[in-house]
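Here's the letter readout for the chains.
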Amino acid sequence: MDYANIIPKAVKNMKAIKKLMLKYGSSLAALALMIGVSSSSQACWWWYNQPKEPEGMKKFVKED
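Because the structure is predicted, anything quoted here is derived from the model rather than measured.

Draft legend 1. Structural detail: the overall build of the protein. Within the protein, the regular secondary structure consists of one helix and zero strands. Counting all 64 residues of the protein, 6% fall into the buried class. As displayed, the protein has an accessible area near 6,500 Å², and 65% of this comes from carbon and sulfur atoms.

Draft legend 2. Representation of a nonpolar patch on the surface. Taken together, the side chains of I17, M21, L28, L31, M34 and I35 present a nonpolar region at the surface, about 610 Å² in accessible area. The topology assignment puts L28 in helix 1 (residues 3–39). Owing to a relative accessible area of 49%, L28 belongs among the partly exposed residues under this scheme.

Draft legend 3. Layout of the environment of V61. Secondary-structure assignment places V61 in the segment after helix 1. Linking V61 and V37, residues 24 residues apart in sequence, is a C-alpha distance of 7.6 Å.

Parameters at a glance
- Residues numbered from 1 in each chain as written.
- Predicted model: local features only at pLDDT ≥ 70, side-chain atom pairs only at ≥ 80, totals over all residues.
- Heavy atoms only, no water.
- Helix = DSSP H or I, 4+ residues; strand = E, 2+ residues; numbered from the N terminus.
- Buried < 20%, exposed > 50% of the residue type's maximum accessible area, 1.4 Å probe, protein only.
- Areas by Shrake-Rupley, 256 points an atom, 1.4 Å probe, with all protein chains shown as cover.
- Patch = residues over 30% accessible without salt bridge, like charges linked within 9 Å, V, L, I, M, F, W, Y side chains within 5 Å.
- Salt bridge = Lys/Arg side-chain N within 4 Å of Asp/Glu carboxyl O.

Printed below as a string of structure tokens:
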């Protein structure tokens, strides 16, 4: 295996990922928060996957 070719490619890929995260990271975080808030009061759609909800998400649930 020729590691001399792999390492520059890996560094190039990491730089590309860093550039994307710096450009779109805050938008991705806002989208994740929006999805988490909108789904915090709903049950899971799949019968086999109902993970425990983080304690911090309970403050976004509307009480009827």
